[in-house]
Amino acid sequence: MQNEKGMVRRVDELGRVVIPKELRFALHIETGTMLEFFCPNNNELYLKKFEPMRQLNDFGTICLRALKDIDCGFVLCDNVSVMAVQNLPKKDWLNMALSTDLQQKLRQTTAPYFEFATPFESGNAVHNVIVPIRAQGDLLGAIIIISNDLVASIPISSARVVANLLTDYVSR
């Protein structure tokens, strides 16, 4: 069923509504995707993909500033693009898209960190270490350490501390 305002679906006895496949595909809504519900007035209901990392942007930026004295670059990402940058030119890195290969690896891995050659859709391969940010089993994003040399243990440990801070912040 469809009308001029969109697709129409019936609510079942458990309160469930099926989001049409075409919309799920267009909005990249997969099984397990969290959605937020908004009710701005009595007659309207809005759905929005829940992106906890976007809500953490300011706090994440502050946390990254603590890494300013470490000799490599750090980027804070949600699941698709760069949100904050430290020790790198912001104009070159902000909003840069993560590669689909990295997005898939982040969803699949349970490792506390891993190396990944080309994390971005555009850009050269350098030495990168990816530190996933997870809360209650859900992938929130990642911190990517960018260096022209092999990444030492201090930047990795520091990025893991920031990832843990962000996880704790979301979980409370």
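Our structure is the block above this text.
Residues numbered from 1 in each chain as written. Predicted model: local features only at pLDDT ≥ 70, side-chain atom pairs only at ≥ 80, totals over all residues. Heavy atoms only, no water.

**Looking at the nonpolar core**
Okay, step 1: Met53, Phe74, Leu76, Ile133, Ile143, Ile145 and Leu166 are the most contacted members of the largest nonpolar core, which has 24 residues in total.
Okay, step 2: Of all the secondary-structure elements, those providing two or more residues to this core are helix 3 (57–65), strand 5 (73–77), strand 6 (82–86), strand 8 (127–135), strand 9 (138–147) and helix 6 (153–171).
Okay, step 3: Broken down by element, this core gets its largest block of residues, 5 residues, from helix 6.
Okay, step 4: Apart from residues no more than four positions distant in its own chain, Ile133 is found in contact with Met53, Leu76, Asp138, Leu139, Leu140, Gly141, Ala142, Ile143, Ala163, Leu166 and Thr167.
Okay, step 5: Judged by nonpolar contacts, the second largest core, of 18 residues, contains Val75, Phe114, Phe120 and Leu139. (Core = buried A, V, L, I, M, F, W, Y, C linked by side-chain atoms within 4.5 Å. Buried < 20%, exposed > 50% of the residue type's maximum accessible area, 1.4 Å probe, protein only. Helix = DSSP H or I, 4+ residues; strand = E, 2+ residues; numbered from the N terminus. Contact = heavy atoms within 4.5 Å.)

**Let's talk about the sheet that holds strand 5**
Okay, step 1: The 5 strands lie next to each other as 6-5-9-8-7, forming an open sheet whose pairing is antiparallel. The open sheet has two edge strands with one neighbour each: strand 6 and strand 7 (114–115).
Okay, step 2: Of the strand pairs in this sheet, strand 7 and strand 8 are connected by 2 bridges, and their pairing is antiparallel. Pairing of Phe114 across the sheet is with Ile130, part of strand 8.
Okay, step 3: The strands that helix 3 touches are strand 5 and strand 6; relative to strand 6, the one it contacts most, it runs at about 25°.
Okay, step 4: Along the sheet, helix 5 (residues 100–108) makes contact with strand 7, strand 8 and strand 9, crossing strand 8 at roughly 45°. (Pairing = 2+ DSSP bridges. Axes fitted to C-alpha atoms, helices over the stretch in contact; angles between N-to-C directions.)

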